[in-house]
Amino acid sequence: MADTDLAAAIKAALAAVDIPGGGDLAGYGGLSDIIVTPSAVAFAIAVAPGMEAAFGPAREAAQRAAQAVAGTRKIMVSLTGGKPPAKAGPTFSHGKPVPAGKTAVPGIKRIIAVGSGKGGVGKSTTAVNIALALQAEGLRVGILDADLYGPSIPKLLGLEGRPAVRDDGIFSPQDAFGLKAMSIGSMLVKDQAVVWRGPMATAALRQLLRETDWGPLDVLVVDLPPGTGDIHISLAQQTIVDGVVIVSTPQDLALIDAKKAIDMLRRFEVPLLGLVENMSYFIAPDTGTRYDIFGTGGAQQAAADLELPFLGAIPLVMSIREGSDAGVPPMIAAPDGPEATAYRAISRSILAQLPVLPR
Ligand code: ADP
């Protein structure tokens, strides 16, 4: 069936789905376009603030109705908040008014995103260990893997299976060493490549962020995809992001990429917390000697040029890679080791800029 025919057939099937207040979903003004890709179908149902739970059964029924028509394609139905009330006054974050359309996620006090200019610089590894280091400071912490090109948080945290879905359609996050964890990887069908188009990426992010029972959390750490793209734009436009941490390796090329990502985030007026230099130096396992294999100070100088705080450096050590591959991050494997000490120092620099109330 052609994509447009399938979208029309799904819409027709949604006529059998009742919605709160009477009427059916196909005729409901809050139903979005139905996006069809080779492996997935995504659409959103806009509901008035506070109506998410009431629409839960309709969402479930829509999911079943769409699945019956769409065969093996993965169905993603998300509930999205309606427009904010017209007369609502401005909200404030860091003392600045928040642009219209951005809302906080209920139950989450602070959101910190971790980004990078390109892949493979250790962004996800850093995000996981920063989250664990913040938890070690006594905070309630969650981690959201929004890296749709290579969701690696399940592997890094040794997560298995999928998050549970409650009767009202809301996800219960998985637990990993005390962190509440959700990954965009859990929205994918195993062994099927998903072509993420803008609206689908946005719908998946919304669902993970807003239809997950996160709270109460002091901090949610979001692992962004590398570079810049739909997820960054969507997160920056939808949500109050309290700060972004950029991870880079010392090589200039990575820093040039990081600068591009930083420029884009600045345009969206997302506060930048600073730069982390990963794989910064090498510590010989036998002698403990430090080798500055890439030269030193690249990221520090770049941070200064960009007028960003330098949050700290993490050594290139085998134990980080081995522990990460085995699903036991260094913050857990050796909480007092030199790697954990480096992550803890970075998380304290973050906290110093971002007052978070302890439990
Ligand atoms: P990204 O999220 O930027 O794509 P990852 O966090 O997945 O990068 O890391 C890429 C690879 O580098 C992984 O194999 C990871 O274990 C390894 N790695 C990350 N940081 C370090 C480090 N400081 N020392 C050694 N290996 C590291």
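Details of the structure are given in the entry above.
Residues numbered from 1 in each chain as written. Predicted model: local features only at pLDDT ≥ 70, side-chain atom pairs only at ≥ 80, totals over all residues. Heavy atoms only, no water.

## Description of the overall build of the chain
Within the chain one finds eleven helices and 17 strands. Residues counted as buried form 50% of the 359 residues belonging to the chain. Long-range contacts, defined as pairs at least 24 residues apart, comprise 74% of the intrachain contacts of the chain with a sequence gap of at least 6. Of the roughly 15,700 Å² of accessible surface on the chain, a fraction of 56% belongs to carbon and sulfur atoms. (Helix = DSSP H or I, 4+ residues; strand = E, 2+ residues; numbered from the N terminus. Buried < 20%, exposed > 50% of the residue type's maximum accessible area, 1.4 Å probe, protein only. Contact = heavy atoms within 4.5 Å. Areas by Shrake-Rupley, 256 points an atom, 1.4 Å probe, with all protein chains shown as cover.)

## What about the sheet that holds strand 10 (residues 174–176)?
If you trace the eight strands from one edge of the open sheet to the other, you get 10-11-7-12-6-13-14-17, paired in mixed fashion. Strand pairing shows two members of the sheet lacking a second neighbour, strand 10 and strand 17 (310–313), which therefore form its edges. Between one strand axis and the next, the sheet turns by 25 degrees as a mean value, whatever way the strands run. One ladder, built from three bridges, connects strand 10 with strand 11 (residues 179–183); its direction is antiparallel. Within strand 11, the position partnered with Gln174 by the bridge is Ala181. Its contacts with the sheet place helix 8 (residues 298–305) against strand 14 (272–277) and strand 17, and it is angled at close to 160 degrees to strand 14. (Pairing = 2+ DSSP bridges. Axes fitted to C-alpha atoms, helices over the stretch in contact; angles between N-to-C directions.)

## Some details on the packing of helix 3 (residues 123–136) against helix 11 (residues 338–353)
In contact at an axis separation of 8 Å, helix 3 and helix 11 are set at 70 degrees when each is read in the N-to-C sense. When the axes of helix 3 and helix 11 are compared, the pair comes out roughly perpendicular. Across the interface between the two elements, Thr125, Thr126, Asn129, Ile130, Ala133, Leu134 and Ala136 from helix 3 touch Tyr343, Arg344, Ile346, Ser347, Ile350 and Leu351 from helix 11. Across the contact of helix 3 with helix 11, the residue classes break down as eight nonpolar, four polar and one charged. (Parallel < 35°, antiparallel > 145°, perpendicular 65-115°, else oblique. Nonpolar A, V, L, I, M, F, W, Y, C, P; charged D, E, K, R; others polar.)

## Digging into the site of the ligand
The local shell around the ligand holds 16 residues, among which Gly120, Lys123, Ser124, Thr125 and Pro315 are the closest. With respect to the ligand, the backbone of Val121 contributes an N or O atom lying 3.0 Å from an oxygen atom. A distance of 2.5 Å separates an oxygen atom of the ligand from a polar atom in the side chain of Thr125. Burial of the ligand by the protein chains amounts to 82% of its free accessible area of 560 Å². Of the pockets mapped on this structure, the ligand occupies the second largest pocket. (Near = heavy atom within 4 Å. Polar contact = N/O pair within 3.5 Å; in protein donor to acceptor, adjacent residues only side chain to side chain. 1 Å grid on protein atoms, 1.4 Å probe; cavity = no way out; pocket = protein on both sides within 12 Å on 5 of 7 lines; lining within 4 Å. Sits in = over half its atoms within 2 Å of the grid points.)

## Notes on the layout of surface pockets
Estimates place the volume of the second largest pocket at around 490 Å³. Lining the second largest pocket are 26 residues, and of these Gly120, Gly122, Thr125, Met279 and Arg321 lie nearest its centre. Of all the elements in the fold, those that place two or more residues in the lining of the second largest pocket are helix 3, helix 4 (153–156) and helix 9 (318–325). With five residues, the single largest contributor to the lining of the second largest pocket is helix 9. For the lining of the second largest pocket, the residue count by class is ten nonpolar, ten polar and six charged. (Points joined across faces, edges and corners; volume = space filled by probe spheres on them.)

## Structural notes on the pairing of strand 13 (residues 243–248)
Moving residue by residue along a regular strand, the side chains alternate between the two faces of the sheet. Here strand 13 lies mainly inside the structure; six of its six residues are buried. Taking every second residue as pointing to the same face, both faces of strand 13 are buried, with Gly243, Val245 and Val247 on one and Val244, Ile246 and Ser248 on the other.

## Points about a nonpolar patch on the surface
Where nonpolar side chains cluster on the molecular surface, the patch consists of Phe177, Val328 and Ile332 and spans about 190 Å² of accessible area. Within the fold, Val328 resides in the loop between helix 9 and helix 10 (330–333). Accessibility expressed as a relative area gives 32% for Val328, which makes it partly exposed. (Patch = residues over 30% accessible without salt bridge, like charges linked within 9 Å, V, L, I, M, F, W, Y side chains within 5 Å. Salt bridge = Lys/Arg side-chain N within 4 Å of Asp/Glu carboxyl O.)

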